[in-house]
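Remarks on the overall topology
Here are the chains, one letter per residue:
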Amino acid sequence: MALSDVYWDRQIPLPKLAPVQAKATVALVALLCFINSYDGEFVFDDSEAIVNNKDLKPATPLNNIWTNDFWGSNLSSNSSHKSYRPLTVLTFRLNYLLAGGLHPVGFHVLNIVLHAVISALMIDVFAILIGGLAYDEKDRILNHAPKTSLLAALLFAAHPVHTESVAGIVGRADLLCALFFQLSFLTYCKAFNRGIYLIQVLPLLCMYTLILCSTKDIQCLLINGVNAAFDVLLICNVNLNEMLRTGLLTRLALMGLGGLSMLYARWRIMGTGPPAFTEVDNPASFAENIVNYNYYYSLNAWLLLCPWWLCFDWSMGCVPLIKSATDWRMVWLLLLWCILIGLISQALSSTAISHLLTLTLALVLLVVPFLPACNIFFRVGFVIAERVLYLSSAGYCLLLAYSLGHCCYRWTKYRKLLCVSVLLLLCVYVARCALRSYQWRSEQSLFTSALPVCPLNAKVHYNVGKNLADRGNTTAAIKYYREAVRLHPTYVHAMNNLGNILKERNELIEAEQLLSKAVSIQPDFAAAWMNLGIVQNSLQKFEEAEQSYWNAIRFRKKYPDCYYNLGRLYADQNRHVDALNAWRNATVLKPEHSLAWNNMVILLDNTGNLGQAELIGREALKLLPNDHTIMFSLANVLGKLQKYKESEGFFLHALRINPNAASCHGNLAVLYHRWGKLELAKKHYELSLKLDPEAPGTRDNYNMLRRKLDQLKRSAP
C-alpha cells in the first residue's frame, strides 16, 4: 500500500524537515497569515449567528442547540435556514462562557488556532495521499513525499480564499468540518495499518455519524467519499480479490447505511422541508438552463487560482447571468471543463502508479467537498461562497504541489526559477492573507473592500450604507442606499432604511413613497409597515397611519415598538384610553420598554390621574430600577401629590445617574420652591440654567424666586 516511486519529491525546492519541524513550520505560517484578525469585531453573519443568537446564552437550555438551526431558529420553522450545526454552536457557547460575554477576541483566537492545527495535520493527509499508507514500528506515518506534502500544506495554510472561514467567526463550521474529516481519514487509515479491516469501522462509523450531525452534515457525508476512494485506490489497489478479502463492500455498505440513517434523522429534525431561498440569493437556480451553474464553477476555480478578487457576498447582481451562447464568459466554463478532462486523462494515461493515485485522489479531494455547493443535490442559498472552498482547496494545493514537483523533475535547468516562483507565490499568499484578514477586522473595511470587486452587487452598497448610517454619517449612507435600490429596484430592506433616514431628515413625502413601495413589493414586511405609519403620522394622515400600524402587528404579532408608536398616534389624537392600552401591550411584550412606561406615566400625569400615574411609575421602576427618565416622571407626579420627601429622593437618584439633565435640575428646583426650601431651589435653578440657558419656564421661575428672596430680605428685621 506504500508507494516508493515518488521520484519527483526530492526535486521540490524545500528543505527536508523532520515531521515535528514540518508541522510547526506550517502552523506558524498559518498563524502569520491570519494573526492580525485576532482582535477583530463581530462582522456580517456573526451578528445573527453569535450576537443575536440566544442559544449562546447560559440562560438558554442547552437542549435548544439540538433542535435549533445555526442561527438560533427552530429547524421546523418555515423561516429556518435549515443549517444544522449544533457542535459549532456549542463551541460558540463555550467561547461565551469562558469570556464571560460576547467578547470577539476569544472567538477569533480559536478560529486561528483551529486553522493552524488543520494546516499542520494536512501534512499527514497529503503524505498518505501521495506516498501511500505506511507506518513505522512506533505506529507513526512514514512520509514518502516529505517535500511535496510540506509544500502542499504550506500552500493550504497560506491560501487567501480561507480568510472568510478563519477571520469570519461563522466560518468555524468549515474549520470543524475539515478537522473532523482529517481525524476520520487518519483514523480510517490507522485501522488498516493495525489489520482491523472491519471491526474498526464500526466505532469509526459511530464517530463519523456524530460528526455529520454536529458540523456541516451534507458536506461531511460526501467527504466520506474521499475515504471510499482512498480505500478502493490505495488499500485495495482497484483489485477485486483484495476488495473481497478486506471486506470493502461491507465497509462501504455500512458507511452508506449510516450516512442515510443520519440524513433521515436530520430530515425529521428539520421538519422534512428544505430551506426556502429567493431568486436574489441564487439566481442561477431559478434560470432555465444550467450554463450558469457551470459558470459559477469556473468562478470558484478562478478564486483558487487567483484569490485576489475576494468578496464577502456575491449575490444581488454581482455575477450577471449568462443568457446567450454568444456571451464571452462561455469561454471560462469551456476552459474549466477542458482542464478537468485534461487532468483526468493525464491520470488515466499515466504509467506510473504514483502519478495515477496522486492526481486521482487530488481531484477527488478537490471536487467531492464542493459537491454540496454545486446545486446538483439541492438549491443552495448563495451564488459563490468562499468558505465552501476551504476543504476543496486542499485538493487544489495538492495538485499545485504535485505539478511544481513534476516540473522541477522534468525541467531541471529551470529549477532555480521554479524555486523563486514557489517562494514568491508563498510570499504573495501570505501578504494577501494579511491584507484580507485585516479587511475582515471591521464591517466598515469589509464592506468597502467589496465595492471594487462587486460594484453591481446591491447588497454590498446596502451594507456600506447601513454601516455609515450606524456611525451617524447619514448623508453618505443615502448615496449607497439609493445605489442599492437603483441596482435592485425591489430591494425592500434598502428602501426601508432609506425611508427611515429621509424620515429623520423630515423629507416625508419621498419617505412615504419609498415605504409604500416596499410594503407593496413585500406585504408582510412588518418593519416597513411600522415606519410607514410613523411617516404618515408625521404627515397627519392619522387613519392611514393607524391602518399601517395594525398591518405591522398583523404580520408580526409580538411587536412592542409598533404598539408604542400606535400609542403615540392615539395620544396625538387625544384617544387617551387607546394610547394607554397600546403602551400597556408594548410593556407586556417587552417589559423593559422604557419609553412605553414613561409615556404612560406622563399621560396619566397630564390628564390628572396622579394616583394611577404613581402606581404605573412604581411598577416600571421595579423592572427598570436605574431608568432615570422614569424616576424623573414619577418624581414630578409625587411632587404634585405633595409627597415632597419621596419626590426629592427620586429626583436626586435620577441626577446621580444623569447629573447633566437640565430639566431634572429645573423640576427639582420647582419642588424645593413649592416645599419652601428656597436656597436649594435657587441652587438647582442656577444649575439648570447653566446647563441649558434656554430651558422653557426655568428663567421665569428663577426670577420669581429671586423676587421672593429679595422681599424676604427686605422684610427681615
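What counts, and at which threshold
- Residues numbered from 1 in each chain as written.
- Predicted model: local features only at pLDDT ≥ 70, side-chain atom pairs only at ≥ 80, totals over all residues.
- Heavy atoms only, no water.
- UniProt positions renumbered as here; feature names shortened; annotations may be inferred.
- Helix = DSSP H or I, 4+ residues; strand = E, 2+ residues; numbered from the N terminus.
- Buried < 20%, exposed > 50% of the residue type's maximum accessible area, 1.4 Å probe, protein only.
- Areas by Shrake-Rupley, 256 points an atom, 1.4 Å probe, with all protein chains shown as cover.
- Salt bridge = Lys/Arg side-chain N within 4 Å of Asp/Glu carboxyl O.
- Disulfide = S-S within 2.5 Å.
- Core = buried A, V, L, I, M, F, W, Y, C linked by side-chain atoms within 4.5 Å.
- Contact = heavy atoms within 4.5 Å.

- The name given to the protein in an unreviewed UniProt entry is dolichyl-phosphate-mannose--protein mannosyltransferase, with the source organism recorded as Echeneis naucrates.
- Here is the UniProt Sequence similarities (unreviewed entry) comment for the protein, exactly as written: "Belongs to the TMTC family."
- UniProt, in its Pathway (unreviewed entry) section for the protein, records the words "Protein modification; protein glycosylation."

**With respect to the overall build of the protein**
- Check the secondary structure of the protein and you find 32 helices and 0 strands.
- Counting every position in the protein, which comprises 717 residues, the buried fraction comes to 53%.
- Carbon and sulfur atoms make up 60% of the accessible area of the protein, which amounts to about 32,500 Å² in all.

**Overview of the pattern of salt bridges**
- This model, assessed by the stated rule, comprises 20 salt bridges.
- The salt bridge partner of D327 is R329, with a shortest N-O separation of 3.0 Å. Of the two residues examined, D327 and R329, each falls in the buried class.
- The salt bridge partner of R618 is E646, with a shortest N-O separation of 2.6 Å. Here the residue R618 occupies a position in helix α27 (residues 610–623), and E646 occupies one in helix α29 (residues 644–657), the gap between them amounting to 28 residues.
- A residue is classified by how much of its surface remains accessible, and R618, at 27% relative accessible area, is partly exposed.
- Judged by relative accessible area, E646 falls into the partly exposed class, the value being 33%.
- Via salt bridges that share partners, E614, R618, K643 and E646 belong to a single interconnected network.

**Here we look at the UniProt feature "repeat: TPR" (unreviewed entry) in the protein**
- The sites that carry the UniProt feature "repeat: TPR" (unreviewed entry) are, in the present numbering, residues 458–491, 492–525, 526–559, 560–593 and 662–695.
- Segment residues 560–593 splits into 79% helix and 0% strand. End C-alpha atoms: 8 Å apart.
- Secondary structure content for residues 662–695 is 82% helix and 0% strand, and the end C-alpha separation is 8 Å.

**As for the UniProt feature "transmembrane region" (unreviewed entry) in the protein**
- Per the UniProt record, "transmembrane region" (unreviewed entry) is found at residues 112–135, 195–212, 218–236, 248–267, 301–322, 331–349, 355–376 and 388–405.
- Regarding residues 388–405, the helix share stands at 78% and the strand share at 0%, and the terminal C-alpha atoms are separated by 27 Å.

**Some words on the state of the cysteines**
- Overall, the coordinates contain 1 disulfide when judged by the stated rule.
- A sulfur-sulfur distance of 1.8 Å marks the disulfide that ties C318 to C454. Taken as a pair, C318 in the loop between α12 (291–305) and α13 (330–349) and C454 in the loop between α17 (443–450) and α18 (458–470) lie far apart in primary sequence, 136 residues in all.
- Looking at C318, the relative accessible area reads 12%, which means it is buried.

**Details of the nonpolar core**
- In terms of nonpolar packing, the biggest core is built from 190 residues, with M122, F126, F312, W314 and V319 touching the most fellow members.
- Of the residues forming this core, the biggest block, 12 residues, is contributed by helix α4 (residues 104–131).
- Sequence-distant contacts of F312, defined by excluding residues within four places in its chain, comprise F44, E164, R436, W440, L446, F447, A450, V460 and N463.

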